[in-house]
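# An overview of the molecular structure
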Amino acid sequence: MRMKSFLAMLAVTTALTVPGLAMAREVTLTTSMRNYGGDGAYLAYYVTDAQNKYVGSLWMAGGKTRYYEHLSGWYRATGGDTTQINGITGASVGAGRSLKVTVDLADTLFDAGYQLHIDSAVEDMRDSPNEIVVPLTSAGSGQKVKGTRYIAAFTYAR
Amino acid sequence: MMYRKILLAAYASIGFFAAFGSQAMPFPPLTTSAGTVLAGYQESDDDDHQKELQRRHDDDDHYAADDCEDEDVEACGRGSAAQQLNATPPNNGLFTPGSRPQAQTN
């Protein structure tokens, strides 16, 4: 009798654990910059849903808040609300350099119509909102996407 | 019988610890080392800081947006890889609770 209850408890524990392990996955976002010949680029990484509605931010490269308005897609979506990027802000990325961001993301973000956007901006140069817009899909993992202005290539891998 | 009990106990232990493992995250760093900066910072926009920056840039009438130019150079990792260990991300439903994003510039 004791054994049966123990086995039942074990089954419940396993059933609760396995989905938890499967729900999240480490995703690496790799962004390589062109040699555009300017200062460090500010990059805003954020996600929109299938209705193109802002869901949340993944990373902000660049720490000076007064320049955030030049990341116009992100700025319009958030109103410049810096609480959106608390804890996920790093340094700007220099020309010719690359930034690798590793995040644990919910599996539900993939193959569900979500899109990852990257806005970029460089001082004294043209702003580049939505320089990268890529659907988050299993098939898109590892696929290289070219940017239009400052970003040479972007990939996400899970 | 004894062997089965031990086996079941081991199996239960694995299940128990796996539950914690699913929420596992790296230990926060106790110290920062060279080339490692704490991300999640916001620059101070206080008046003194503004004046100081103004003084610094009035000479050539140029104000750089580049963080690497006038602030924490190590954060930019010029010449070497710089790893940025960030704080807890916002609870926006994108991140796994308890996870900590990491960024590395090369």
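Here, the structure is the one placed above.
Residues numbered from 1 in each chain as written. Chains lettered and ligands numbered in written order. Predicted model: local features only at pLDDT ≥ 70, side-chain atom pairs only at ≥ 80, totals over all residues. Heavy atoms only, no water.

Moving on, we come to the pairing of strand β5 (residues 98-106) of chain A. By the bridge criterion, nine bridges tie strand β1 (residues 24-33) of chain A to β5 of chain A in an arrangement that is antiparallel. Note on β5 of chain A: the bridge partner recorded for Val27 of chain A is Val103 of chain A. In the sheet, β5 of chain A pairs with strand β3 (residues 102-105) of chain B via four bridges, with the strands oriented antiparallel. What sits directly across from Leu99 of chain A, in β3 of chain B, is Thr105 of chain B. (Pairing = 2+ DSSP bridges. Helix = DSSP H or I, 4+ residues; strand = E, 2+ residues; numbered from the N terminus.)

Residues and elements named next belong to chain A. Counting buried residues along strand β3 (residues 54-61), seven of its eight residues qualify, which places the element largely inside the surrounding structure. Bridge count for strand β2 (residues 42-48) against β3 is six bridges, and the pairing is antiparallel. Within the sheet, the bridge partner assigned to Tyr46 lies in β3 and is Ser57. Hairpin connection, β2 to β3: the antiparallel pair is bridged by five residues, and Asn52 has positive phi, about 65°. Bridge count between β3 and strand β4 (residues 89-90): two bridges; the pairing is parallel. Opposite Ala61, over in β4, you have Gly90 as the bridge partner. (Buried < 20%, exposed > 50% of the residue type's maximum accessible area, 1.4 Å probe, protein only.)

Another aspect to go through is the pattern of salt bridges. Residues and elements named next belong to chain A. Scanning the model with the defined rule gives two salt bridges over all chains in all. Close ionic contact of Asp107 with Arg25 constitutes a salt bridge, the shortest N to O distance being 3.7 Å. Of the two residues, Asp107 sits in the loop between β5 and β6 (115-121) while Arg25 sits in strand β1, which places them 82 residues apart along the sequence. What makes Arg25 partly exposed here is its relative accessible area of 40%. For Arg158, the salt bridge is made with Asp107, and the minimal N-O distance between the two is 2.9 Å. Here Arg158, found in the segment after β8 (151-157), pairs with Asp107, found in the loop between β5 and β6; they are 51 residues apart in sequence, far enough to count as distant. Bridged by salt links that share partners, the residues Arg25, Asp107 and Arg158 form one connected network. (Salt bridge = Lys/Arg side-chain N within 4 Å of Asp/Glu carboxyl O.)

The subject of this paragraph is the environment of Gly87 of chain A. Note on placement: Gly87 of chain A falls in the loop between α2 (72-78) and β4. Taking C-alpha positions, Gly87 of chain A is 8.8 Å from Trp59 of chain A, a pair spaced 28 residues apart along the chain.

Through backbone hydrogen bonds, the strands of a sheet pair up, either in parallel or in antiparallel fashion. Spatially, five strands are ordered β4-β3-β2-β6-β7 (chain A) in an open sheet, and the strand pairing comes out mixed. In the strand order of this sheet, the two ends are held by β4 and β7 (128-135) of chain A, each with one partner.

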